[in-house]
Amino acid sequence: MDLMNNASIIIHNAVVYSTPLILTALGGVYSERSGVVNIGLEGLMVIGAFSGTVTTLLTGSPVLGIVTAVLAGVLFSLLHAVASVTYHANQVVSGVAINFLAIGLSIFLTKQMFDGAAQTSTIKSLIQKWEVPGLSQIPYLGKMFFIAYPTSYLAIGIVLLSWYVLYKTPFGLRLRAVGEHPAAADTLGIRVSVMRYLGVMISGGLAGLGGAVISLTTTSNFSYSTISGQGFIALAAVIFGKWHPVGAMLAALFFGLAQAINSSAQVLGYSNYVPTAFIQMLPYVLTLIVLAGFVGRAEGPKAVGNPYIKGSR
């Protein structure tokens, strides 16, 4: 294969792999902009992947699967919101608990519903790729960007919508205000707890959608390894993207490219020159490098991770 064809395959796969990361990272942006750390993105993706897969298997409709995944993510995120916003629990501990609960519950239900198997049946009615008429025929570029799952176009649309909502609407201003200085926002009549609940619930819905995208486009089923750390990579994308929707998208594309190189290595023959184990580690190594290099310097919302008690300063 020529170099351009190899590049088009890798970039096409990067768009596929980055889509769930973009959606989940956007969820992290909403939550953390409201002042609530959401370590539970991994668990929310898991519950979304499980719910979307089971609903699609039962109904034959991936659209209903996606709707169910979003609702499951929202409902599950309420546990995190109640613990961290209402009861002022440690947000990191609450998020870790969400991860354990989601993974354990989904695996338990999978075994109960599928005769003790560790994974669900294979989904036959998967989401199909769209070809943009005319543009998909452009050499190389058409394969890269214009033959894609509709969820990829949806993710880009949500990025643009999120930028507008967060920076051009009163809702976005209030959400960012409670993440920066909740006491000042409270004195202006903004209900801090309500805004933080909404931020966490939006986060859960988007993370649930991200999880469903994986099972309904690439893996075609749900198992304990369906997510495999994608939620933590999305959290790294939030930090790398400086808590901005567009920045989070670009960071997710970066991590998606690493996964695409991993998945394309054997097909393109690169594994003949680089040990497979090193290629498989690439997405996770890059995540650690980014976190080590940027966490100390990246400045998130000033009140993120700090419970707000009315009347406090």
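This text follows the structure it describes.
Structure report, in brief. (Residues numbered from 1 in each chain as written. Predicted model: local features only at pLDDT ≥ 70, side-chain atom pairs only at ≥ 80, totals over all residues. Heavy atoms only, no water.)

A few points about the packing of aromatic side chains
Applying the stated criterion across every chain, the model contains 5 aromatic pairs. What links up through ring pairs into an aromatic cluster is the set Phe240, Phe254 and Phe255. (Phe/Tyr/Trp six-rings, centres within 6.5 Å; stacked < 30°, edge-to-face > 60°.)

So, the packing of helix α2 (residues 41–59) against helix α9 (residues 192–219)
Two elements in contact, α2 and α9, have axes separated by 6 Å at closest approach and are oriented at 55°. Here α2 is positioned oblique relative to α9, judged by the angle of their axes. Handedness of the α2/α9 crossing: right-handed. In this structure, α2 uses Leu41, Leu44, Met45, Gly48, Ala49, Gly52, Thr53 and Thr56 to contact α9, whose residues at the interface are Ser203, Gly204, Ala207, Gly208, Gly210, Gly211, Ala212, Ile214, Ser215 and Leu216. (Axes fitted to C-alpha atoms, helices over the stretch in contact; angles between N-to-C directions. Helix = DSSP H or I, 4+ residues; strand = E, 2+ residues; numbered from the N terminus. Parallel < 35°, antiparallel > 145°, perpendicular 65-115°, else oblique. Left-handed = near helix turned anticlockwise from the far one by under 90°. Contact = heavy atoms within 4.5 Å.)

Comments concerning helix α7 (residues 170–180)
Of the positions making up α7, those classed as buried are Gly172, Leu175, Arg176, Val178 and Gly179. Projected onto a plane normal to the axis of α7, the buried residues spread over an arc of 160° and lie on a single side. Among the exposed residues of α7, those pointing more than 90 degrees away from its buried face are Pro170 and Leu173. Its buried side turned inward, α7 meets α1 (3–33), α6 (150–168), α8 (182–187) and α9. (Buried < 20%, exposed > 50% of the residue type's maximum accessible area, 1.4 Å probe, protein only. Arc of directions from axis to C-beta.)

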